[in-house]
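# Structure at a glance
Take a look at the letters that make up each chain.
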Amino acid sequence: MTDNTNPTWTAPPHPDWLSRLNQEGEYFDLSGVVALDEESLLRQACTSSGLDDFGDDLWREPFRVLIKALEEEAQLTLMGRLMARSDILVWLNTRLQVTDTLKRHPEILEEEVKAPMIIAGLPRSGTSILFELLAQDPDVGVPETWEAMMPCPPPEAGSYASDPRIEKVHGLVTQWNRVAPEFATMHEMGGRIPAECGQIMCGSFISDQIDALHQTPSYSMFRAQADYVPVYQYHKNVLQILQWKNPRKRWLLKAPAHLGQLAHLLRVYPDARLVQTHRDPIKCMASATSLMGTLYSMRSDQPFNAEMMEDILMGAATAQSLEMVMDQRDQGVVPQSNIADSRYQDLMDDPMSCIEGVYRHFGMDLSNAARRRMLQYLDAKPKGKFGKHAYEIDEGKAKERALFKRYQERYEVPDEV
């Protein structure tokens, strides 16, 4: 499959087994063979879970927008429909089980989620390596992929490392690498890999992770305008479930999408310790475009308009988001005491000094044990551990540099292209 809309990005070829599967799928009535309609999805989720209470109805509209967009816009292949149905059933089952767990154990809602540290920044701006480093602190709890996807029944400390859900989720998420082997060079997947918050939010059906899986413009537009306060409340409920029988001293969380939702986030987590990452936006978005194109190609042969995506990501929308955060910080909507900064260049040049600066900003002690584990992690994980994520940058995009002038000057972010 080749993308003809922009010569700077070409979709990776499918593995032979996937091409053959999808070719056979062209003979089927796919909407009948792999149903994505509301009645079928809800019936199956209720049957498999033995539950029928989904809690409040705030999730229903985004759910309906999503499944409509999947049918009308996503142009899913056979594998794409199988993956989409599997995802949605996981999210519906999780929602049913979260609702049931909180009904049977209302004391869980009394669990205190105190001063979580939350990393936010543009995609590919160093959020992942910062997250991985900070996670080495033994006082930190990070939601692992398996428990973020399947939080119920609540994980227990004694069986946490041997929970059977680990193997099941590992198989599901590493399937992405089997469908698109190049993806392994872009993002590490696994049952015990720390999860981004978008994974936790999927049960609300408003999540940047859902948005990243398919070319569904109507869903993207709906999500961009959504009220995130109920989403963060659902997110908090899941964290309360996760820490109920397996206490965490303090949570470490991460998602690029938090950057545009800081005011909503602070309404649910008023004592949050936010860390904003900074990197050349043009460099970030070129890498993100490659990542998103690869994700889309797993489920659809629909051409990916990379040029349009780059114009959106690297144009006014990204600039407006960065401007909004600067204004929120200046106006006290995001208090200075709640937010620290991490430049990508500093993180690469002297990661421990960068970490020390974050801890110092929040008046936290960096223990010797945490420092030792962070240094060991750095030594053990060279860049490019899973291969090199190759992508090209259209030099013409440099004309958009002026859009980020205020941002780059304020945080002393150097040009990388």
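The structure we're discussing is the one just above.
Model, not experiment: these values are computed from the prediction. (Residues numbered from 1 in each chain as written. Predicted model: local features only at pLDDT ≥ 70, side-chain atom pairs only at ≥ 80, totals over all residues. Heavy atoms only, no water.)

### Focus: unusual backbone geometry
To keep it simple, the criterion reads: Helix and strand assignments come from DSSP, with helices taken as H or I runs of at least 4 residues and strands as E runs of at least 2, each series counted from the N terminus. Three labels apply to residues, based on accessible area from a 1.4 Å probe with only protein chains included: buried if under 20% of the type maximum, exposed if over 50%, partly exposed otherwise in between.
For the peptide bond that leads from Cys 152 to Pro 153, omega is 0°, which places it in the cis range. As for its placement among the helices and strands, Pro 153 is situated in the loop between α7 (145-149) and α8 (165-179). Backbone geometry at Arg 124 places phi at a positive 70°, although glycine is not the residue there. Assignment of secondary structure puts Arg 124 in the loop between β1 (117-120) and α6 (127-134). Residues other than glycine seldom take positive phi values, yet Glu 412 does so here, at roughly 55°. Along the chain, the position of Glu 412 falls in the segment after α20 (405-411). In this structure Glu 412 comes out as exposed when scored by relative accessible area, which is 59%.

### Details of the nonpolar core
Test applied: What makes a nonpolar core is a set of buried Ala, Val, Leu, Ile, Met, Phe, Trp, Tyr and Cys residues whose side-chain atoms join them at distances within 4.5 Å. Only heavy atoms enter the contact rule, under which two residues are in contact if any of them lie within 4.5 Å.
By size, the foremost hydrophobic cluster in this structure holds 48 residues, and its most contacted members are Leu 239, Leu 265, Tyr 269 and Leu 274. Looking at this core, the element that brings in the most residues is helix α12 (residues 229-244), giving 8 residues. Apart from residues lying up to four places away in sequence, Leu 265 is in contact with Ile 118, Tyr 232, His 258, Ala 272 and Leu 274. Grouped together as the second largest cluster of nonpolar side chains are 46 residues, Phe 63, Ala 69, Ala 180 and Leu 295 included.

### Details of the packing of aromatic side chains
Put simply, the rule is: Planes of paired rings set the category: under 30 degrees apart is stacked, over 60 is edge-to-face and the rest tilted, where pairs are Phe, Tyr or Trp rings (Trp by its six-membered ring) whose centres lie within 6.5 Å. A ring is scored as having a charge over it whenever the NZ atom of a lysine or the CZ atom of an arginine sits within 6 Å of its centre and within 35 degrees of its normal.
Within this structure, the stated rule accounts for 10 aromatic pairs. A centroid spacing of 5.9 Å and a plane angle of 80° characterise the contact between Trp 91 and Phe 205, whose relative ring orientation is edge-to-face. Within this pair, whereas Trp 91 is found in helix α5 (residues 78-104), its partner Phe 205 is found in the loop between α9 (197-201) and α10 (208-211), the two being separated by 114 residues in sequence. Here Trp 91 and Phe 205 have matching classes, each one buried. Grouped by ring-pair contacts, the aromatic residues Phe 54, Trp 59, Phe 63, Trp 91 and Phe 205 constitute a single cluster. In this structure, Arg 279 packs its charged tip against the face of Tyr 344, placed 3.7 Å from the ring centre.

### Structural notes on the pattern of salt bridges
Filter applied, for reference: The term salt bridge refers to a side-chain nitrogen of Lys or Arg lying within 4 Å of a carboxyl oxygen of Asp or Glu.
Following the criterion strictly, the structure yields 28 salt bridges and no others. Where Arg 250 meets Asp 137, a salt bridge forms, and the shortest distance between an N and an O atom there is 3.0 Å. Linking Arg 250 in strand β3 (residues 250-254) with Asp 137 in the loop between α6 and β2 (140-141), this pair joins segments that are 113 residues apart in sequence. With respect to class, Arg 250 is no different from Asp 137; both count as buried. For the salt bridge of Asp 341 with Arg 329, the shortest nitrogen-to-oxygen distance reads 2.8 Å. Here the residue Asp 341 occupies a position in strand β5 (residues 339-343), and Arg 329 occupies one in helix α16 (residues 316-331), the gap between them amounting to 12 residues. Three or more residues are tied together by salt bridges with common partners; here these are Glu 323, Asp 327, Asp 330, Arg 406 and Arg 410.

Nothing here speaks to function; it is geometry throughout.
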